[in-house]
Amino acid sequence: SIYSLAITDAVEAFGADRDLPVERLFLVSTILETDGDSSYSFNLPQPLQEAITKEISDLSPSIAWVATNEEVINNPDIGLQPGDYVLNVGDTLQTNDEQVSLYVTINIGGTVERQTVYTLAYSDDGAWKIESEEIVFDAQEGN
């Protein structure tokens, strides 16, 4: 649910801001994270990928998992179009006893267009909710 909420919000907000509806959605299954001076990566397990796909199925008629951005960007057979979003998500990091954070990066045509950091909290009604979001990079804004 944490990944699904962040992915849905990122895609919907970006699409609305840029007036660019998503046509195809490519989700990168390799999660990269930096913790202090060290970096690590891992692949989201297949059952988690399937659960996320099910929860976000309304976002696009075409959702595919890929191992890396390059698998899509450097593949001429795919023929990336402006409505093709390639998303990287970060590992969930516990910020305190009740909150976690993660980032979602949206790539269009091989270029990073936006990165948003989400903080989510487990609510009293037993569901995860977005507490805050911060756009840390937006190519259109030049930051």
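Heads up: these notes are all about the structure in this document. It should be emphasised that the depicted structure is a prediction, and the values quoted were computed from it without experimental measurement.

1. A look at the overall build of the chain
Part 1 of the reasoning: Scanning the chain from terminus to terminus reveals 3 helices and 9 strands.
Part 2 of the reasoning: Counting helices and strands in the order they occur from the N terminus, the chain gives α-β-β-β-α-β-α-β-β-β-β-β.
Part 3 of the reasoning: Scaling as 2.2 N^0.38, a compact globule of 143 residues should have a C-alpha radius of gyration of about 15 Å, and the chain matches this with 15 Å.
Part 4 of the reasoning: In terms of its C-alpha atoms, the chain occupies a principal-axis envelope of roughly 45 × 35 × 30 Å.
Part 5 of the reasoning: Taking all 143 residues of the chain together, the buried fraction comes to 39%.
Part 6 of the reasoning: Considering only residue pairs separated by 6 or more positions, the chain has 54% of its internal contacts joining residues 24 or more positions apart.
Part 7 of the reasoning: One way to put it: in the chain the 5 positive side-chain charges average out to a point 7 Å from where the 26 negative ones average out.

2. Here's the deal with the side chain of Gln-49
Part 1 of the reasoning: Along the chain, the position of Gln-49 falls in helix H2 (residues 46-55).
Part 2 of the reasoning: Not counting residues within four places of it along the chain, the set of residues in contact with Gln-49 comprises Ser-29, Leu-44 and Trp-65.

3. Here's the deal with the side chain of Ser-60
Part 1 of the reasoning: With respect to the helices and strands, Ser-60 occurs in the loop between H2 and strand S4 (62-66).
Part 2 of the reasoning: Judged by its relative accessible area of 6%, Ser-60 is buried.
Part 3 of the reasoning: Within the structure, the side chain of Ser-60 is placed 2.8 Å from the backbone oxygen of Glu-23, a separation counted as a polar contact.
Part 4 of the reasoning: One polar contact links the side chain of Ser-60 to the main-chain carbonyl oxygen of Ser-62, over a distance of 3.0 Å.
Part 5 of the reasoning: In this structure, Ser-60 is in contact with Val-22, Glu-23, Arg-24 and Leu-25, ignoring residues within four places of it in sequence.

4. Some words on the nonpolar core
Part 1 of the reasoning: With 25 residues, the main nonpolar core has Ile-7, Val-11, Leu-25, Tyr-85 and Leu-87 as its most contacted residues.
Part 2 of the reasoning: Examining the composition of this core, we find that 7 residues originate from one element, helix H1 (residues 2-18), more than from any other.
Part 3 of the reasoning: Counting 6 residues, the second largest nonpolar core, distinct from the first, contains Phe-26, Val-28, Val-72 and Val-86.

5. Brief notes about the packing of aromatic side chains
Part 1 of the reasoning: Applying the stated criterion across every chain, the model contains 2 aromatic pairs.
Part 2 of the reasoning: For the pair Phe-14 and Tyr-85, a centre-to-centre distance of 5.5 Å together with 85° between the ring planes defines the contact as edge-to-face. Separated by 71 residues along the polypeptide, Phe-14 in helix H1 and Tyr-85 in strand S5 (residues 84-89) bring together distant segments of the chain.
Part 3 of the reasoning: A residue is classified by how much of its surface remains accessible, and Phe-14, at 1% relative accessible area, is buried.
Part 4 of the reasoning: Taking relative accessible area as the criterion, Tyr-85 reaches 0% and is therefore assigned buried.
Part 5 of the reasoning: Relative to Trp-128, the ring of Tyr-122 lies with its centre 5.3 Å away and its plane at 65°, an arrangement referred to as edge-to-face.
Part 6 of the reasoning: Trp-128 gets classed as partly exposed once you look at its relative accessible area, which sits at 25%.

6. As for H1
Part 1 of the reasoning: Here H1 spans 24 Å end to end across 17 residues, near enough to the 24 Å set by a 1.5 Å rise per residue.
Part 2 of the reasoning: Those residues of H1 that fall on the buried side of the exposure criterion are Ile-2, Tyr-3, Ser-4, Ala-6, Ile-7, Ala-10, Val-11, Phe-14, Gly-15 and Arg-18.
Part 3 of the reasoning: Tucked into the core, H1 has its buried residues touching strand S1 (24-28), H2, S5, strand S7 (99-108), strand S8 (111-122) and strand S9 (128-138).
Part 4 of the reasoning: Two residues or fewer past H1, Asp-19 is found with a positive phi of approximately 50°.

Cut-offs and rules
- Residues numbered from 1 in each chain as written.
- Predicted model: local features only at pLDDT ≥ 70, side-chain atom pairs only at ≥ 80, totals over all residues.
- Heavy atoms only, no water.
- Helix = DSSP H or I, 4+ residues; strand = E, 2+ residues; numbered from the N terminus.
- Rg over C-alpha atoms; globule rule 2.2 N^0.38 Å.
- Buried < 20%, exposed > 50% of the residue type's maximum accessible area, 1.4 Å probe, protein only.
- Contact = heavy atoms within 4.5 Å.
- Lys, Arg positive; Asp, Glu negative; His and termini not counted.
- Charge placed at Lys NZ, Arg CZ, Asp CG, Glu CD.
- Polar contact = N/O pair within 3.5 Å; in protein donor to acceptor, adjacent residues only side chain to side chain.
- Core = buried A, V, L, I, M, F, W, Y, C linked by side-chain atoms within 4.5 Å.
- Phe/Tyr/Trp six-rings, centres within 6.5 Å; stacked < 30°, edge-to-face > 60°.
- Expected span 1.5 Å × (residues − 1).

The values are spatial; any link to function lies outside them.
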